[in-house]
Amino acid sequence: MAAEPVKRITDIGPPSYEKFLHPVIKKNYGLWKYHETLAPGVLCHVAESGDKLFTVRAGSPRLLSVQSIRLFADLADKYCGGYLRFTSRNNVEFLMDNKDNIEALKKDLLANGFPVGGTNNAVSNIVHTQGWVHCHSSATDASGIVKAVMDALYDRFTHENLPAKLRIALACCLNMCGAVHCSDIAILGVHRKPPKVNHDTLPKTCEVPTLIASCPTGAIRPATVNEKQSVEVVEDQCMYCGNCYTVCPSMPLNDPDNDGISIWVGGKVSNARTTPKFSKLAIPFIPNNPPRWPEVVEAVVNIVEVYAKNAKKYERMGEWIERIGWPKFFELTGIEFTRYHIDDFKNAGLTYARSTHIKF
Amino acid sequence: MAVTHEALADEMFHMVSEYYGKKNLKAGDLTKAMIAKYGEAECTKDDCKAAIRILMDSGRCVYSYFGGSFITLPHKEGAAPD
Amino acid sequence: MADQKRDTKLLDELEKGPWPSFVKEIKNASKTSPVCDDLLGQLELSYEEKKGHWKHGGIVGVMGYGGGVIGRYSDVPEQFPQVAHFHTMRVNQPSGWFYTSGSLRTLCDIWERHGSGLTNMHGSTGDIVFLGTKTDELEPCFKELGEAGFDLGGSGSCMRTPSACAGMARCEWACYDTLKMCNDVTHQYQDELHRPPFPYKFKFKFSGCPNDCVASIARSDMSVIGTWKDEIQQDDAEVAAYAAAGMDIQNDVCANCPSKCMKWDGKKLSIDNHECVRCMHCINVMPKALRPGKERGATILIGAKAPIVQGALLASVLVPFVPADELMDTLKELVSRVWEFWDEYGKNRERIGELIQRVGMSNFLDAIGLDPIPQMVTAPRDNPYIFFKGEE
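Counting from 1, residues in each chain are numbered in the order their sequence is written. All chains are assigned letters beginning at A, and all ligands numbers beginning at 1, according to the order in which they are written. Residue-level local features of this predicted model are given only where pLDDT is at least 70; pairs of side-chain atoms are given and counted only at 80 or more, and the full residue set underlies all totals for whole chains, interfaces and linings. Excluding hydrogens and water, the side-chain figures rest on all heavy atoms present in the structure.

Visitor: Before we move on, can you summarise the overall build of chain B with the specific residues and values?
Guide: By the criteria applied, helices consist of DSSP H or I runs no shorter than four residues and strands consist of E runs no shorter than two, each listed in order from the N terminus. When helices and strands are counted, chain B shows three helices and two strands. Put simply, chain B runs from its N terminus to its C terminus through helices and strands in the order α-α-α-β-β. A principal-axis box enclosing the C-alpha atoms of chain B has dimensions of 45 × 20 × 20 Å. Only protein chains enter the area calculation, which uses a 1.4 Å probe; residues under 20% of their type maximum are buried, those over 50% are exposed, and those in between are partly exposed. Within chain B, the proportion of its 82 residues that are buried is 45%. Counted over contacts in chain B with a minimum sequence separation of 6, partners at least 24 positions apart contribute 53%. Accessible surface is estimated by sampling points in the Shrake-Rupley manner with a 1.4 Å probe; for residues, cover comes only from the protein chains shown. Accessible surface computed for chain B: about 3900 Å², of which carbon and sulfur atoms make up 56%. Distance from the positive charge centre (10 side chains) to the negative charge centre (12 side chains) of chain B: 5 Å. By definition, residues are in contact when any of their heavy atoms lie within 4.5 Å. The positive count covers Lys and Arg only, the negative count covers Asp and Glu only, and His and the chain ends enter neither. A charged residue contributes its charge at one atom only: NZ of Lys, CZ of Arg, CG of Asp or CD of Glu.

Visitor: Residue-level account of the interface of chain C and chain B, with values.
Guide: Taken together, the contacts link 29 residues of chain C with 22 residues of chain B. Between chain C and chain B, the buried area comes to about 2200 Å², and carbon and sulfur atoms account for 51% of it. Salt bridges, as used here, are contacts in which a Lys or Arg side-chain nitrogen is within 4 Å of a carboxyl oxygen on Asp or Glu. The tally of links between chain C and chain B comes to four salt bridges. Ionic pairing is found between Glu340 of chain C and Lys45 of chain B, a salt bridge with its closest N-O pair at 3.5 Å. Every element with two or more residues in the side of chain C that touches chain B is listed here: β1 (54–57), α7 (190–194) and α12 (327–345) of chain C. When two parts are brought into contact, each loses some accessible area as probed by a 1.4 Å sphere; the total of that loss over both is the buried area.

Visitor: Describe the side chain of Ser60 of chain A, and please don't skip the residues or the numbers.
Guide: Following the sequence through the fold, Ser60 of chain A ends up in the loop between β3 (52–58) and β4 (63–65). Given the relative accessible area of 1%, Ser60 of chain A is considered buried. Polar contacts, as used here, are pairs of N or O atoms within 3.5 Å; protein pairs need one atom able to donate a hydrogen and one able to accept it. Residues neighboring in sequence count only if both atoms are side-chain atoms. Side-chain polar atoms of Ser60 of chain A contact the backbone nitrogen of Arg62 of chain A, separated by 2.9 Å. In terms of polar contacts, Ser60 of chain A uses its side chain to reach the backbone carbonyl oxygen of Asn90 of chain A, at 2.9 Å. Apart from residues lying up to four places away in sequence, Ser60 of chain A is in contact with Asn90, Phe114 and Asn125 of chain A together with Trp19 and Pro20 of chain C.

Visitor: A description of the state of the cysteines should follow, citing residues and the corresponding values.
Guide: Between two cysteines, a covalent bond joining their sulfur atoms is known as a disulfide. Note that a disulfide, as used here, is simply two cysteine sulfur atoms within 2.5 Å. Taken as a whole, this structure holds one disulfide over all chains when the rule is applied. Across a sulfur-sulfur distance of 2.0 Å, Cys206 of chain A and Cys248 of chain A are joined as a disulfide pair. In this structure, the disulfide formed by Cys206 of chain A and Cys248 of chain A twists by about 75 degrees around the S-S bond and is classed as right-handed. Of this pair, Cys206 of chain A sits in the loop between α6 (202–205) and α7 (208–214) while Cys248 of chain A sits in the loop between α8 (243–247) and β11 (260–265), and the two are 42 residues apart along the sequence. Judged by its relative accessible area of 0%, Cys248 of chain A falls in the buried class. Not engaged in a disulfide, the cysteine Cys141 of chain C finds its nearest cysteine sulfur in Cys108 of chain C; these two sulfurs lie 12 Å apart. Among the cysteines around Cys257 of chain C, which has no disulfide bond, Cys261 of chain C carries the closest sulfur, lying 3.7 Å off.

Visitor: Which residues make up the nonpolar core, and what values go with them?
Guide: The set of buried Ala, Val, Leu, Ile, Met, Phe, Trp, Tyr and Cys residues whose side-chain atoms join them within 4.5 Å is what this entry labels a nonpolar core. Core analysis: the largest hydrophobic core is formed by 67 residues, its most contacted members being Ile263, Val300 and Phe329 of chain A. Examining the composition of this core, we find that eight residues originate from one element, helix α9 (residues 294–310) of chain A, more than from any other. In contact with Val300 of chain A, other than residues within four places in its own chain, are Val149, Leu153, Ile168, Ile185, Ile187 and Ile263 of chain A. Counting 52 residues, the second largest nonpolar core, distinct from the first, contains Ile69, Ala76 and Val92 of chain A together with Tyr65 of chain C.

Visitor: Which residues make up the sheet that holds strand β2 (residues 42–47) of chain A, and what values go with them?
Guide: When DSSP finds at least two bridges between two strands, those strands are taken to pair. Ordered in space as β1(A)-β2(A)-β3(A)-β6(A)-β5(A)-β4(C), the six strands form an open sheet in which the pairing is antiparallel. Every other strand in the sheet has two partners, leaving β1 (32–39) of chain A together with β4 (98–100) of chain C as the edge strands with one partner each. Neighbouring strand axes in the sheet, compared pairwise and without regard to direction, differ in orientation by 25 degrees on average. Examined bridge by bridge, β3 of chain A and strand β6 (residues 92–96) of chain A share five bridges and lie antiparallel to one another. By the bridge assignment, Thr55 of chain A is partnered in β6 of chain A with Leu95 of chain A. The strands touched by helix α2 (residues 66–80) of chain A within the sheet are β5 (83–86) and β6 of chain A, with β6 of chain A carrying the most contacts at an inclination of about 20 degrees. Sitting on the sheet, helix α3 (residues 102–111) of chain A is in contact with β1, β2, β3 and β6 of chain A, with an inclination near 15 degrees to β3 of chain A. The angle between two axes is taken between their N-to-C directions and runs from 0 to 180 degrees, where each axis is a line fitted to C-alpha atoms and a helix contributes only its stretch in contact.

Visitor: Which residues make up the interface of chain A and chain C, and what values do they have?
Guide: It is common to report an interface's size as the accessible area lost on association of the parts. With 105 residues of chain A at the contact, the number on the chain C side is 114 residues. Both faces combined, the contact of chain A with chain C buries some 9900 Å², and carbon together with sulfur accounts for 59% of it. Sorting the residues of chain A by area buried against chain C places Tyr17, Trp132 and His134 of chain A first, and these three jointly supply 8% of that buried surface. Of the charged contacts, one joins Glu112 of chain C and Arg70 of chain A as a salt bridge, the two residues approaching to 2.8 Å between their closest N and O atoms. On the surface where chain A and chain C come into contact, there are 67 residue pairs in polar contact (both at pLDDT 80 or more). It is α2 of chain A that provides the largest number of residues to the side of chain A that touches chain C, a total of eight residues. Here three bridges tie β4 of chain A to strand β5 (residues 118–121) of chain C, and the two strands are oriented antiparallel to one another. The residue bridging Leu63 of chain A from the neighbouring strand is Asn120 of chain C, located in β5 of chain C.

Visitor: Give a description of helix α6 (residues 178–188) of chain C that names residues and reports values.
Guide: Every buried residue of α6 of chain C is listed here: Thr178, Leu179, Met181, Cys182, Asn183, Val185 and Thr186 of chain C. The inward-facing, buried residues of α6 of chain C contact β4, β7 (163–164), α7, β8 (204–207) and α12 of chain C.

Visitor: So what about the sheet that holds strand β8 (residues 185–190) of chain A? Which residues, and what values?
Guide: All names here are of chain A. As summarised here, the arrangement of the four strands in space is β7-β8-β11-β12, forming an open sheet in which the pairing is mixed. Because the sheet does not close on itself, it has two edges, and the strands there are β7 (168–171) and β12 (280–287). Averaged over all pairs of adjacent strands, the angle between their axes in this sheet comes to 20 degrees, without regard to strand direction.

Visitor: Tell me about the pattern of salt bridges, and name the residues and values.
Guide: Scanning the entire structure with this criterion turns up 47 salt bridges over all chains. As a salt-bridge pair, Lys37 of chain B and Glu11 of chain B come within 2.2 Å of each other at their nearest N and O atoms. Within this pair, whereas Lys37 of chain B is found in helix α2 (residues 27–38), its partner Glu11 of chain B is found in helix α1 (residues 5–19), the two being separated by 26 residues in sequence. On the accessibility criterion, Lys37 of chain B (53% relative accessible area) is exposed. Residue classification places Glu11 of chain B among the buried positions, given a relative accessible area of 19%. The shortest N-O distance in the salt bridge between Asp221 of chain C and Arg351 of chain C comes to 2.9 Å. Highlighted residues: Asp221 of chain C in the loop between α8 (216–219) and β9 (222–228) and Arg351 of chain C in the loop between α12 and α13 (352–359), separated in sequence by 130 residues. Each member of the pair, Asp221 of chain C as well as Arg351 of chain C, is classed as buried. Residues joined by salt bridges that share partners form a network here, namely Asp11 of chain A, Arg53 of chain B together with Asp191 and Arg195 of chain C.

Visitor: Provide a residue-level description of the packing of aromatic side chains, including the pertinent values.
Guide: Aromatic rings in a pair are described by how distant their centres are and how their planes are angled relative to each other. Aromatic pairing here means that ring centres of Phe, Tyr or Trp (its six-membered ring) are within 6.5 Å. Orientation follows from the plane angle: under 30 degrees is stacked, over 60 is edge-to-face, and everything else is tilted. The tally for this structure, following the rule as stated, stands at 30 aromatic pairs over all chains. Relative to Phe329 of chain A, the ring of Trp320 of chain A lies with its centre 6.0 Å away and its plane at 75 degrees, an arrangement referred to as edge-to-face. Consider the rings of Phe341 of chain C and Tyr345 of chain C, whose centres lie 5.1 Å apart with planes at 50 degrees: the pair is tilted. With Phe341 of chain C and Tyr345 of chain C both in helix α12 and four residues apart, the pair spans about one turn of that helix. Among the aromatic side chains, those forming a connected cluster through ring pairs are Tyr189, Phe198, Phe202, Phe204, Phe206, Trp339 and Trp342 of chain C. Charges are assigned to positions over rings by a cutoff of 6 Å between ring centre and Lys NZ or Arg CZ, combined with an angular limit of 35 degrees from the ring normal. In this structure, Arg85 of chain A packs its charged tip against the face of Phe98 of chain C, placed 5.1 Å from the ring centre.

Visitor: Run through unusual backbone geometry, naming residues and quoting values.
Guide: The omega angle of the peptide bond from Pro290 of chain A to Pro291 of chain A is 10 degrees, so this bond is cis rather than trans. Residue His122 of chain C is bonded to the preceding Met121 of chain C through a cis peptide linkage, with omega at 10 degrees. Among the structural elements, His122 of chain C can be located in the loop between β5 and β6 (128–133). With a phi close to 50 degrees, Asn226 of chain A is a non-glycine residue in the positive phi region. Of note, Asn226 of chain A is situated in the loop between β9 (220–225) and β10 (228–233).

Here is the structure:
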């Protein structure tokens, strides 16, 4: 047996949130009465006790260096007694009990390049995945597209002038680490070609049974190539998820000419007014065009602007489209309707028009 | 309890070694095999959980992720650079 | 160190424009971390070639854990040796993502010593993501995290790191204590979080009200969404104040009510609470005047997931209402039965939602000992292919 192992600290779980709560939060925990929006990105929560908690929300690129996190810590010390939090959409929120600090904090944030906004009827930060910065199966970059799109929608982040909230999300392949499938606008990276098997390296780097088992659709079969054990891909069954590449580096599916972006619209998770819904296909494919993906930016901005102009107050993207109908959506946005828009997976018939309710 | 956790861990290790390169085993596969062998009266799910912890903490096996988590022998993986 | 030796003319384009730039973040970090310089180089190559250059690593981790570390290797290590290994560590965030400046600095110091200095605040599931380190640094980094009171989150076929909305810490709509639930569940199931026991991942997300700020209904295998049973709390003076301030209560509030349970006669708002579906619209629009009722608790839903493998699913109702003070016990009991069933019948990579689709909700309910109730469906079946049980 090996030598007595050093005692390791394991299974302690996360530190308790209670250690990190602002004194005003601790005092009024569960006793909040209402809130108001003082300006885009600035909230005021009022407790039954009359105490007030002010929140200043700033956008971040999600990918943060320790230098920027330390800057946030310094600002929290300067204005908030050291208390801050992050939101589920990668914004940073500074929490304070002194209203007089709001303007100075906003100024410091802006001077350091972090815009204040993202509340209520504004575009919030784009939830996104790793892309080429860190992912092995990505069909596109994530951070670069987000940066380019948010540059174009910057004023929509800092102003609350949309009909309702607008939530954009990006996932760099259909594994959807970002689970973007219920967003007002989803930007989704897609591969369009099956993996290319490297029969020379495969026997040395991969276990064939593991590889075969990795395919969700059973599209990978054993094969003998040049007298060596390898695999073949039944191309018709491949939906380009990249799981085989996860298991076996000899199955690359990255393809500069065929990888790109699809755009989906009209999903939501909130139960407000209408029930939660999936995003639906708007644009099946736009080629990757780094560094700033101008075609993707243009497509997203177009959808946002057509929505902003036509939706009624409080209507989310999907609610607006349901009211006007999908034909009108395609007409107003000028997006082409193609064969790819018609579902052909399981239960596809549920999305076929099964009535004569047609607008002309 | 008739079987000790250490004995279960040893047995699981033999099973992983035997299947190595042929079939990847999950924690659930090892648990089911042990319960099938000893019967639920002698070997519970919690016993298997404790045994797996002993097995993994000893370093004789490691977890692997191939689109699902498995228990395997330590090895140099194909994706790692030389 | 700080000299700009790397030519990144494509990435430099992403330093332009008003939105904060991730390229600036990587360049910032590269001042103290040479790893980031090779990361910039490899990323620039991806931008030139329009393809990624990472390979997945399946077995790196800290001793004894099967979750919390994602292995990553460069496929061009000769060109960029500093990122030949570039593994991610998922660090379990405190509930609701609340921090003090001191705790953030501690995390930054640890990560600067043991990794690239780049993070995601936060990853998609909610963890603090430490982005990029070498295999040899995993164990020392884990040790320092533990000494600072932090632990790793889940990955692979683990329970994944649970997450929660701000809840009672800063929201008048929280119908149960999401932060406490999230923290308690995370601590209760440390073994399941760290040592993958399941057919595939299992996610919990805790939202305090039906606005569902953590997207629980779309993204969690077990979704807990706050709601209430009694009447919406109403302050008539504040309703009148909204009207006086120019709000069109008929159009903005009543006309948007999905169950049309509200009337506005120009002076008084009346709500037929029995018809209310607790959608939150009226409360969202008039937070000073309307609030969720006092008999608070949560709806428990099951089975949401992203597309892989069999297609995306939204969560569906399992228990329509559990009072807030019974929530933890009810959830624990349900979870143990659900996991038991999933352990027994789930195939590798089959999420609980997919298993329910495969075996049928009725069989699933039998197995976990819940009676079928009409709140679980939008409508009864419309096909006559009923498989009657032998004894009936």
